[in-house]
Amino acid sequence: MAFKEVLYDLKTEWFQTLNGVLSVPVYKDAAPITEEGNYVLIRSEGSTNTGTTNSGFFRSAVIVVDINTYFPVIGNSKVAYDIAQEIDDLILLTPNSFGILLANHQITQITLQSEDELYEDDNSVKIFRLIKRFEHFLNQK
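Residues numbered from 1 in each chain as written. Predicted model: local features only at pLDDT ≥ 70, side-chain atom pairs only at ≥ 80, totals over all residues. Heavy atoms only, no water.

Regarding the overall build of the chain
Item 1. Counting its regular elements, the chain contains two helices and seven strands.
Item 2. C-alpha atoms of the chain, sized along the principal axes, occupy 60 × 30 × 25 Å.
Item 3. In the chain, which comprises 141 residues, the share counted as buried stands at 41%.
Item 4. The contacts of the chain with a sequence gap of at least 6 include a subset with a gap of at least 24, amounting to 61%.
Item 5. Counting only carbon and sulfur atoms, one obtains 50% of the accessible surface of the chain, whose full area is about 7700 Å².
Item 6. Taking the average place of the 11 positive charges on the side chains of the chain and the average place of its 19 negative ones, the gap between the two points comes to 6 Å. (Helix = DSSP H or I, 4+ residues; strand = E, 2+ residues; numbered from the N terminus. Buried < 20%, exposed > 50% of the residue type's maximum accessible area, 1.4 Å probe, protein only. Contact = heavy atoms within 4.5 Å. Areas by Shrake-Rupley, 256 points an atom, 1.4 Å probe, with all protein chains shown as cover. Lys, Arg positive; Asp, Glu negative; His and termini not counted. Charge placed at Lys NZ, Arg CZ, Asp CG, Glu CD.)

Notes on the environment of asparagine 76
Item 1. Tracing the backbone shows asparagine 76 in the loop between β3 (56-71) and α2 (77-91).
Item 2. For asparagine 76, a relative accessible area of 36% gives the class partly exposed.
Item 3. In this structure, the C-alpha to C-alpha distance between asparagine 76 and isoleucine 91, residues 15 residues apart in sequence, is 24 Å.
Item 4. In terms of polar contacts, asparagine 76 uses its side chain to reach the backbone amide nitrogen of lysine 78, at 3.0 Å. (Polar contact = N/O pair within 3.5 Å; in protein donor to acceptor, adjacent residues only side chain to side chain.)

What about helix α1 (residues 7-18)?
Item 1. Over its twelve residues, α1 extends 17 Å from the first C-alpha to the last, a length consistent with the 16 Å expected when each residue adds 1.5 Å.
Item 2. Of all the positions in α1, only Leu7, Leu10, Lys11, Thr12, Trp14, Phe15, Thr17 and Leu18 are classed as buried. (Expected span 1.5 Å × (residues − 1).)

A few points about the environment of valine 64
Item 1. For valine 64, the location among the structural elements is in strand β3.
Item 2. It is 11 Å that separates the C-alpha atoms of valine 64 and aspartate 116, two residues lying 52 residues apart in sequence.
Item 3. Excluding its chain neighbours within four sequence positions, the residues that come into contact with valine 64 are Leu41, Ile42, Arg43, Glu45, Ile131, Lys132 and Arg133.

Things to note about the pairing of strand β7 (residues 126-140)
As a general feature of sheets, a regular strand has side chains that alternate between the two faces.
Item 1. Of all the 15 residues making up β7, 14 are buried; the element is thus mostly covered by neighbouring parts of the structure.
Item 2. In this sheet, β7 lies alongside β3 in antiparallel orientation, the contact comprising 14 bridges. When the bridges of β7 are listed, asparagine 68 appears paired with arginine 129.
Item 3. Sheet topology note: the strand β6 (residues 105-121)/β7 ladder contains 15 bridges and is antiparallel. Across the sheet, residue leucine 112 finds its bridge partner in β7, namely phenylalanine 134.
Item 4. A loop of four residues connects β6 with β7, the two strands running antiparallel in sequence, and asparagine 123 in this loop sits at a positive phi of about 70°. (Pairing = 2+ DSSP bridges.)

Examining the packing of aromatic side chains
Item 1. One pass over the structure, following the stated rule, counts four aromatic pairs.
Item 2. Their ring planes at 75° and their centres at 5.7 Å tell us that tyrosine 27 and tyrosine 39 sit as a pair that is edge-to-face. Remark: tyrosine 39 occurs in strand β2 (residues 39-53) and tyrosine 27 occurs in strand β1 (residues 26-28); sequence separation between them is twelve residues. This pair shows no difference in class: tyrosine 27 is buried, exactly as tyrosine 39 is.
Item 3. Taken together, the ring pairs connect Tyr27, Tyr39 and Tyr70 into an aromatic cluster. (Phe/Tyr/Trp six-rings, centres within 6.5 Å; stacked < 30°, edge-to-face > 60°.)

What follows is the structure, encoded as structure tokens:
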């Protein structure tokens, strides 16, 4: 089987798994400029070829989950971490079982590559962002 690109399909699978299930809206690639409430943004960060054998193509791909929470007075990180737990419950079922499936690929591992907290203040609203980067190890079937 010929090589299949993975980032767009992986990002779309994350979006479809979370959209309509989380307690907040989910967007892919960008959020509407009119969005003023809590939301999750799913985007891809890149992929790398980790090897090719006679039996398959192996890739590493990173999906970024950007949890945005808004507050009128002071930010509260607990809200973002509660949303993050909802996501973990849907995606990371067990160490070897995941809530997403990808056509033509086997996901052998998903690991949390990094996690960042950002506080923003534009003098009218306080924003707390929790940004999680998930690395996926994939084997093309």
